[in-house]
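Chain residues, written in single-letter form:
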Amino acid sequence: MSEVPLEASIPAESNGHTNGHANGHSNGTSKVPRAPPSGIKVIVVGAGFGGLTAAIECHRQGHDVEIYESFKELKALGDIISFGANAGRIFRQWHYAAGDRVSDRLRPLSIDLRKHGFRIHKWTGEFIIKQETPEQDPTAPVFNGHRGELHTVVFEYARDELGIPIHLGSRIQKYFETEKDAGIILEDGEKVTADLVIGSDGVRSKARELVLGYFDKPKPSGYAVFRAWFPNTDMIKDPRTKHFCENGDTFNGWIGPDVHFLFSTIKNGSDCCWVLTHRDDNDIEESWSLPGKMEDVYKVIEGWDPLCKAIVEKTPSVVDWKLVYRDPLPRWISDNGRIALAGDSAHPFLPTSAQGATQAMEDGVTIAYCLRKAGKDNIPAALRSFQDIRYDRVKAVQKTGETTRDMWHKADWDKVKTNPEAIQMPREDWIHGYDAEKDTAEKFPETFQKFIVAAA
Ligand SMILES: Cc1cc2nc3c(=O)[nH]c(=O)nc-3n(C[C@H](O)[C@H](O)[C@H](O)COP(=O)(O)OP(=O)(O)OC[C@H]3O[C@@H](n4cnc5c(N)ncnc54)[C@H](O)[C@@H]3O)c2cc1C
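Residues numbered from 1 in each chain as written. Predicted model: local features only at pLDDT ≥ 70, side-chain atom pairs only at ≥ 80, totals over all residues. Heavy atoms only, no water.

Turning our eyes to something else, we now look at the overall build of the chain. Each helix and strand counted, the chain has 13 helices and 17 strands in total. Against the compact-globule benchmark of 23 Å for 456 residues, the chain has a radius of gyration of 22 Å, which places it among compact chains. Seen through its C-alpha atoms, the chain measures out along the principal axes to roughly 65 × 50 × 45 Å. The 456 residues of the chain split such that 56% are buried. Within the chain, counting contacts between residues at least 6 apart in sequence, those at least 24 apart form 74% of the total. Looking at the chain as shown, the accessible area adds up to about 19,100 Å², and 50% of this sits on carbon and sulfur atoms. The chain carries 57 positive and 67 negative side-chain charges, and their two centres are separated by 1 Å. (Helix = DSSP H or I, 4+ residues; strand = E, 2+ residues; numbered from the N terminus. Rg over C-alpha atoms; globule rule 2.2 N^0.38 Å. Buried < 20%, exposed > 50% of the residue type's maximum accessible area, 1.4 Å probe, protein only. Contact = heavy atoms within 4.5 Å. Areas by Shrake-Rupley, 256 points an atom, 1.4 Å probe, with all protein chains shown as cover. Lys, Arg positive; Asp, Glu negative; His and termini not counted. Charge placed at Lys NZ, Arg CZ, Asp CG, Glu CD.)

Turning to its location among the elements, Arg-92 is positioned in the loop between helix H2 (85-91) and helix H3 (102-106). A polar side-chain atom of Arg-92 sits 3.0 Å from the main-chain carbonyl oxygen of Pro-138. (Polar contact = N/O pair within 3.5 Å; in protein donor to acceptor, adjacent residues only side chain to side chain.)

Before going further, it helps to examine the packing of aromatic side chains. Counted by the stated rule, this structure contains 17 aromatic pairs. With a centroid separation of 4.2 Å and an interplanar angle of 20°, the aromatic rings of Phe-118 and Phe-251 are classed as stacked. Taken together, the positions of Phe-118 in strand E4 (residues 118-122) and Phe-251 in strand E13 (residues 250-256) put the pair 133 residues apart, joining distant regions of the chain. Just as Phe-118 is buried, Phe-251 falls in that class too. (Phe/Tyr/Trp six-rings, centres within 6.5 Å; stacked < 30°, edge-to-face > 60°.)

On to the domain arrangement of the chain. Under the domain assignment, the chain is made up of domain 1 (41-114 + 139-216 + 327-455) and domain 2 (220-325). Taking only C-alpha atoms into account, the centre of domain 1 sits 27 Å from that of domain 2. At the boundary of domain 1 with domain 2, total buried surface from both sides reaches about 2,300 Å², with 64% on carbon and sulfur atoms. One can count two salt bridges joining domain 1 with domain 2. We note a salt bridge from Lys-267 to Glu-149, for which the minimum N-O separation is 2.8 Å. Applying the counting criterion to the domain 1 and domain 2 interface returns six residue pairs in polar contact (both at pLDDT 80 or more). Among the secondary structure elements, those contributing two or more residues to the side of domain 1 that touches domain 2 are strand E6 (143-146) and helix H10 (379-409). Per-element accounting of the side of domain 1 that touches domain 2 gives the leading share, four residues, to H10. Taken together, the residues of the side of domain 1 that touches domain 2 break down into 12 nonpolar, five polar and eight charged. (Domains from an automatic or database assignment. Buried area = accessible area lost by both parts, 1.4 Å probe. Salt bridge = Lys/Arg side-chain N within 4 Å of Asp/Glu carboxyl O. Nonpolar A, V, L, I, M, F, W, Y, C, P; charged D, E, K, R; others polar.)

Another aspect to go through is the sheet that holds strand E9 (residues 182-186). Here we have three strands laid out as an open sheet, ordered E8-E9-E10, and antiparallel in their pairing. This sheet does not close on itself; its edge strands, each paired only once, are strand E8 (172-177) and strand E10 (191-194). Along the sheet, successive strands turn relative to each other by an average axial angle of 20°, direction set aside. Across four bridges, E9 lies against E10 in antiparallel orientation. Residue pairing for E10: Ile-185 is matched across the bridge by Lys-191. (Pairing = 2+ DSSP bridges. Axes fitted to C-alpha atoms, helices over the stretch in contact; angles between N-to-C directions.)

Right, let's talk about the confidence of the model for the chain for a bit. On average, residues of the chain score 90 in pLDDT, and 92% of them are at 70 or above. Here residues 1-9 is modelled with pLDDT under 50, and outside its nearest four sequence neighbours on either side it reaches 29 contacts, counting other chains as well. (pLDDT = per-residue confidence, 0-100.)

Where charged atoms from two side chains of opposite charge approach closely, those side chains can pair. A complete count under the given rule lists 29 salt bridges for this structure. Put simply, Lys-237 and Asp-234 hold a salt bridge, and the shortest N to O gap is 3.5 Å. Looking at Lys-237, the relative accessible area reads 63%, which means it is exposed. Across the salt bridge formed by Arg-405 and Asp-406, the nearest N and O atoms sit 3.2 Å from each other. Classification of Arg-405 as buried rests on a relative accessible area of 12%. A relative accessible area of 26% means that Asp-406 is categorised as partly exposed. A cluster of three or more residues bridged by salt bridges with shared partners is formed by Asp-238, Arg-240, Glu-313 and Lys-314.

The tendency in soluble globular proteins is for nonpolar side chains to be buried as a group. With 82 residues, the main nonpolar core has Phe-83, Phe-91, Ile-184 and Leu-371 as its most contacted residues. Not counting the four nearest positions on each side in its chain, Phe-83 is found in contact with Phe-49, Phe-91, Val-142, Phe-143, Asn-144, Leu-150, Ala-357, Thr-358 and Met-361. Ranked by size, the runner-up nonpolar core spans 23 residues in total, among them Phe-118, Ile-266, Val-275 and Ala-411. (Core = buried A, V, L, I, M, F, W, Y, C linked by side-chain atoms within 4.5 Å.)

The end-to-end C-alpha distance of H10 is 45 Å, a good match for the 45 Å that 31 residues give at a rise of 1.5 Å each. Roughly 40° is the biggest bend found in H10, and it falls at Arg-390. The element H10 is extensively covered by neighbouring structure, given that 22 of its 31 residues are classed as buried. (Expected span 1.5 Å × (residues − 1). Bend = angle between axes of the 7 residues up to and from the residue.)

It is worth spelling out the pairing of E10 at this point. Of the two faces of E10, the one holding Val-192 and Ala-194 is buried and the one holding Lys-191 and Thr-193 is not buried anywhere. Linking two consecutive strands that pair antiparallel, namely E9 and E10, is a turn of four residues; a positive phi of about 95° is found at Gly-189 within it.

The structure is reproduced here in structure tokens:
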């Protein structure tokens, strides 16, 4: 986000040292400055990175926000997740009253590849190239770490530092809207009404059904990913693998026809993590937690660099995540303009884009900003502006998941030999250099005008 305050109301670089709220108001016990109250009441469904960011940004922009989440208690679930510099700009904007930032607390949980870089191999074991890790831009840091650990930091920031109410164990059964308001109905029948609802309820979204008016069935992508995260205990006992854990963090990739294996060691080599993306045409079940079978993993890497097998042998268990695909949705906003889809519910990503969580975060920044500028009387135009500002960018970033995967899986190794850089992980400035709040501020006036005129 911009270092220059875009809104007179929010001190964008305020460090939260003040106990008072000269420019803002507090919610509950929060001592972190925020914009004056907008009078807009927001329900956010889902406390993933998308929902939490939407809520934190709504809070910053002065809206009155509450989160409803189906899980009953916070658990550190998942394994490796990536946040690009375009997410780092957002994390860095979130301060604690004590003066530090959310990004400061994410840093020690994340991989540090300044020394090791990304070492890319052919599946046979032949070393191809070391892709150097660029120096971190302190205003836009990059984070890769355990999803559950990073999620806990952000969840606790929203709940404990900002005082945003998070209702756990609240599974939403239905969404509704009128011309004047919108709301949710919980499993126990409780009805909650607000000015708008943000449905950041993930890939199996119920909010999506309301917005589209039909069930959007996922398609198989033709791929699945075996995933694992485990302590380095057995790795450091084996002379073939101990070097991955002894000298800081590492990141290695092995690329083969229609398969890639990425292995990292994190938190000074103490944790190990790998993902193995491979062809899979089985029937699909969208889940982050389906257990996989080790014998299936060994089949995929049969004949590969023996180092891959040496790593897999140390793995206690594996998750089998079927990658599903959805065509871009025709719209993210409901008929009356009071329910918005955000994050995975609007646009699921392939992991090879490494941008799913980051794009979910950008959504939250844009929604909260549009609401503030539009005001309580213009919520449909605010949400339609959000979609308009975000849609083409998200679609283009989604596409990079396919292009990177195909670049690896269909590599012509003779060509790679003459130009090894061609196999490197793309780092494109139009993706990572993006400042969600700045871009929204630039595009909002014209976009909003379009929807206000249309509504008149
Ligand atoms: C348990 C879990 C583990 C994950 N592990 C990884 C990982 O290891 N690596 C990775 O790259 N990505 C992982 N992801 C996905 C990743 O976090 C998202 O792709 C990305 O962060 C975008 O987040 P999101 O907030 O849009 O969706 P999500 O992170 O999926 O969050 C959606 C939230 O909505 C809640 N929800 C769903 N339906 C309802 C309902 N009816 N009522 C109330 N709440 C509801 C869910 O419980 C969930 O917390 C995981 C997601 C989950 C839920």
